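Structural description and commentary
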Amino acid sequence: MTTFKHTPITNNETDYFALSLIDRGLADTRALKIAKGLKENDWDKVTSAICNCDCSNFSLLLKIEPRLVYTAFEREECNALKERIEQETDTFYSGGEWLTESTIGDTTF
């Protein structure tokens, strides 16, 4: 039987998605804030919660829920989130697309 992680601030009433994020290693404080924003359909809250992740949690979140991170950026167009994605993935956002150095060519930033 699989054992699920419950922390002092989670219980069986906690949002399923928050618990899923916690079970996959995300800090419970970030998971709860992200899930609350999603439940309220408030992408500003979701984006804020993502941006407030420390480096290891941001990296993990981008690995386990990339669609969430990119959707938050698309909805809010937050420069702080754009910069974090660029730093983590070695990509650049330009003209509505994520580009790698190989697609950029000799362009210098």
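Before going into details, it helps to say that this report is about the structure given with it. In this text, all values refer to a predicted model and were calculated from it rather than measured experimentally. Throughout this document, residue positions are counted from 1 along each chain, in the order its sequence is written. Local features in this predicted model are restricted to residues whose pLDDT is 70 or higher, and side-chain atom pairs enter the listing and the counts only when it is 80 or higher, whereas totals over whole chains, interfaces and linings include all residues. Based on all heavy atoms of the structure, the side-chain values leave hydrogens and waters out of the count.

Another aspect to go through is the nonpolar core. Ile 34, Ile 50, Phe 58, Leu 61 and Leu 81 are the most contacted members of the largest nonpolar core, which has 22 residues in total. Note on conventions: DSSP H or I runs of at least 4 residues are helices, E runs of at least 2 residues are strands, and numbering of each starts at the N terminus. The set of elements that each furnish at least two residues to this core consists of α1 (16-23), α2 (28-39), α3 (43-51), α4 (55-64), α5 (66-76) and α6 (79-89). Contacts were defined at the residue level, with two residues in contact if any of their heavy atoms lie within 4.5 Å. Once residues lying within four places of it in the same chain are set aside, the contact partners of Ile 50 are Ile 34, Phe 58, Leu 61, Leu 68, Val 69, Ala 72, Leu 81 and Arg 84. Among the buried residues, those of types Ala, Val, Leu, Ile, Met, Phe, Trp, Tyr and Cys that are joined through side-chain atoms within 4.5 Å form a nonpolar core. Exposed residues in this analysis have more than 50% of their type's maximum accessible area, buried residues have under 20%, and partly exposed residues fall in between, with area computed by a 1.4 Å probe over protein chains only.

Salt bridges, as used here, are contacts in which a Lys or Arg side-chain nitrogen is within 4 Å of a carboxyl oxygen on Asp or Glu. Following the criterion strictly, the structure yields three salt bridges and no others. Between Glu 65 and Arg 24 there is a salt bridge; the shortest N-O distance is 2.9 Å. Here the residue Glu 65 occupies a position in the loop between α4 and α5, and Arg 24 occupies one in the loop between α1 and α2, the gap between them amounting to 41 residues. Residue Arg 24 is classed as partly exposed on the basis of its relative accessible area of 32%. Notably, a salt bridge pairs Lys 45 with Glu 40, separated by 2.5 Å at the nearest N-O pair.

As a further point, take the pairing of strand β2 (residues 97-100). Whether two strands pair depends on DSSP finding at least two bridges between them. Pairing geometry for strand β1 (residues 91-94) and β2, over four bridges, is antiparallel. Considered in β2, the bridge of Tyr 93 is made with Trp 98.

A separate point is the packing of α3 against α5. The contact between α3 and α5 brings their axes to 9 Å, and the two run at 125°. As the angle between them shows, α3 and α5 are arranged oblique. As for the relative orientation of α3 and α5, their crossing is left-handed in sense. Contact with α3, carried on its side by Trp 43, Asp 44, Val 46, Thr 47 and Ile 50, involves Leu 68, Val 69, Thr 71, Ala 72, Arg 75 and Glu 76 of α5 and no other residues of that element. All residues other than Ala, Val, Leu, Ile, Met, Phe, Trp, Tyr, Cys, Pro, Asp, Glu, Lys and Arg, Gly among them, are scored as polar; the first ten of these are nonpolar and the last four charged. By residue class, the composition of the contact of α3 with α5 is six nonpolar, two polar and three charged. Every axis corresponds to a line fitted to the C-alpha atoms, with the helix fit spanning only the stretch in contact, and the corresponding angles, defined between N-to-C directions, vary from 0 to 180 degrees. Our angle categories are set so that under 35 degrees counts as roughly parallel, over 145 as roughly antiparallel, 65 to 115 as roughly perpendicular, and the remainder as oblique. Whether a crossing is left-handed or right-handed is set by the direction in which the near helix is turned from the far one by less than a right angle, anticlockwise for left-handed and clockwise for right-handed.

Any link to function would need more than the numbers given here.
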